[in-house]
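Structural description and commentary
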Amino acid sequence: MKHPVSFLPSRLSSAMLAFALLSGCGDTQGPDDPGNGDTRPLYAITTQLFSSDPMESYVIVTDRAEQTATLSLDNAIKVPGRALGVGIRKSGSLYVVSDESATITRYNLTSSGGLEQAGTLSLEGQGISSLGEYQNNFQFISATKAYYFDGTTAQLVIWNPTEMTVTKTLPLDALNIPGTILSFSGAIVHLDNQLIMPVGWRPVSGLGITRKAGVVSVDTRTDEPTIAMDDRCGYTHDAAVGPDGKVYIATEAYGAAVYRVEGENTPEPCLLKFDPQTRTFDPSFYEELGSLVGGGTAGALIPGPQGTAYVRVLDESIAPVKAGTHPRTVASGTGWQWWQLKLDTLSATRRTDFPSTTGSVFLFESQNQTLYSEFGAGSASTTLHVLGESGRPTVTTEGLSFSFLQLR
């Protein structure tokens, strides 16, 4: 997410923002009419429209998340560039960022169910010109402490979401590898007072992934970061906690797609084990992902129930890979099967009750469910599904939705 320009105009009145309500097509009223005492859950879904020129995003406020609905953009808040909406679940506040600037804008939920602008914070003084890339780059430890992991400058920014001030910055210089692009993960693990952020790299030019796995673990009491590296495989962006208390880290779907397209020029998708006590990778543990699921192109590790995780396996009868196919097309295309992996025995079973979907998956928490994203062809839409209930679909939005937050 790049291209620094301007952010939402500060003159946009809170009265206008209060009308930024949205629910399923065909509804006759908003999710929370003034004075009706409605306390139903409300959600903010931020979606990015790649079809617009220039690029723009929309923040949708809706009471729909767990039932089938198609959401309109008619009354949503428009944000220039690729935007994310982040914050503390059920706190009533949403922090909106964009690749168009280094500004964080806070909105508070009003009694009428709208969003009211309530302050801004610029990170330009920290050498940052663009904010993104995933929702999990922003981690909220408390109402007064949050982290922002910036891949472009390889630093951790600690800021106060209540006062909208920067507390301090911590350089992560060891993550700078010449000739590569650093990318923090869209998945993250919280264990007691420790936050575990996987890291991956890819070359600045050309296709490929860098043979390097990384983890930044942060003590949330002292804010001390520790960096661990491993040279056995790459693009390890996915993580799940095993029944042994260790963190299992795997190559994500894009890394698997690069391996499928480029072959032996890139490291094979793998599964590694990270010890949160020693904050190091286990040098004796290494598994090739494909071998765990009967072969084929395998990537991702999505936390599942009772000590399990889901691995994605490409079904080329649905999504054939042809000469010249770009790995991004493979990763974002349909045809990825779901396999459930037991992290204690490393035995895996195909979940035929789940529909094959796109390889890129983000997890979101609604009132009663864990939801996962499925992107439509051509970046045209996003549909959320229940992680369970055989992948039952719920809401669909136009564009790509990389962020979701329960406001109330």
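These lines cover the structure that appears in this document, whether it is placed above or below. The structure displayed is predicted, hence computed values, not measured ones. All chains use their own residue numbering, which begins from 1 and follows the written sequence. Totals for whole chains, interfaces and linings use all residues, but because this is a predicted model, local features are given only for residues with pLDDT of at least 70 and pairs of side-chain atoms are given and counted only at 80 or more. Neither water nor hydrogens contribute to the side-chain values; these are computed over all heavy atoms in the structure.

**Digging into the sheet that holds strand 6 (residues 93-98)**
One open sheet accounts for four strands, arranged 5-6-7-8; its pairing is antiparallel. Of all the strands in the sheet, just strand 5 (83-86) and strand 8 (115-122) have a single pairing partner and so form its edges. Pairwise comparison of adjacent strand axes, ignoring direction, gives a mean angle of 25° for this sheet. Between any two strands, pairing holds if DSSP finds at least two bridges. By the criteria applied, helices consist of DSSP H or I runs no shorter than four residues and strands consist of E runs no shorter than two, each listed in order from the N terminus. Here strand 7 (residues 103-109) pairs with strand 8 via six bridges, running antiparallel. Counterpart to threonine 103 in the pairing with strand 8 is serine 122. Here, axes are lines fitted to C-alpha atoms. For helices the fit covers the stretch in contact, and angles between N-to-C directions go from 0 to 180 degrees.

**Considerations on the side chain of threonine 394**
Mapped onto the fold, threonine 394 is located in strand 30 (residues 393-398). Between buried and exposed lies partly exposed: a residue is buried under 20% and exposed over 50% of the maximum accessible area for its type, with that area taken using a 1.4 Å probe on protein chains only. Using a relative accessible area of 2% as the deciding quantity, one classes threonine 394 as buried. A distance of 2.9 Å separates a polar atom in the side chain of threonine 394 from the backbone oxygen of alanine 65. Residues are treated as being in contact if the distance between any of their heavy atoms lies within 4.5 Å. Residues within four places of threonine 394 in sequence aside, it is in contact with Ala65, Glu66, Gln67, Thr68, Ala69, Leu371, Leu384, His385 and Val386. As used in this structure description, the phrase polar contact means that two N or O atoms lie within 3.5 Å; if the pair is within protein, one of them must be able to donate a hydrogen and the other to accept it, and residues adjacent in sequence are counted only when both atoms belong to side chains.

**A look at the nonpolar core**
By size, the foremost hydrophobic cluster in this structure holds 38 residues, and its most contacted members are Ile104, Leu123, Phe138, Tyr148, Trp159 and Phe404. If near-sequence neighbours (up to four positions away) are discounted, isoleucine 104 is found in contact with Tyr95, Val96, Val97, Gly119, Thr120, Leu121, Leu123, Leu131, Phe138, Trp159 and Met164. By convention a nonpolar core is built from buried Ala, Val, Leu, Ile, Met, Phe, Trp, Tyr and Cys residues, the set being connected through side-chain atoms within 4.5 Å.

**A short note on the packing of aromatic side chains**
By convention, a stacked pair of Phe, Tyr or Trp rings (six-membered ring in the case of Trp) has centres within 6.5 Å and planes under 30 degrees apart, an edge-to-face pair has planes over 60 apart, and any other such pair is tilted. A complete count under the given rule lists 20 aromatic pairs for this structure. Judged by centre distance (5.4 Å) and plane angle (80°), the ring pair of tyrosine 310 and tryptophan 338 falls under edge-to-face. Placement of tyrosine 310 in strand 24 (residues 308-314) and of tryptophan 338 in strand 25 (residues 336-342) is noted, with a sequence separation of 28 residues between them. The burial state of tyrosine 310 is the same as that of tryptophan 338; both residues are buried. An aromatic cluster is present here, built from Tyr95, Phe138, Phe140, Tyr148 and Trp159 joined pairwise through their rings. Over the ring of tryptophan 338 we find arginine 312, and its NZ or CZ is 4.2 Å from the ring centre. Only when the NZ of Lys or the CZ of Arg is both within 6 Å of the ring centre and within 35 degrees of the ring normal is a charge said to sit over the ring. Over the face of the ring belonging to tyrosine 254 we find arginine 328, whose NZ or CZ atom lies 3.7 Å from the ring centre.

**Considering the pairing of strand 6**
Most of strand 6 is tucked away: six of the six residues are buried. Burial of the side chains of strand 6 extends over both faces: Ser93, Tyr95 and Val97 are buried on one face and Leu94, Val96 and Ser98 on the other. Here strand 5 pairs with strand 6 via four bridges, running antiparallel. Its bridge partner being in strand 6, valine 86 is matched across the sheet by tyrosine 95. As judged from the four bridges shared by strand 6 and strand 7, these two strands associate in the antiparallel manner. When the bridges of strand 7 are listed, tyrosine 95 appears paired with arginine 106. Taking the residues between adjacent antiparallel strands as the criterion, strand 6 and strand 7 are bridged by four residues.

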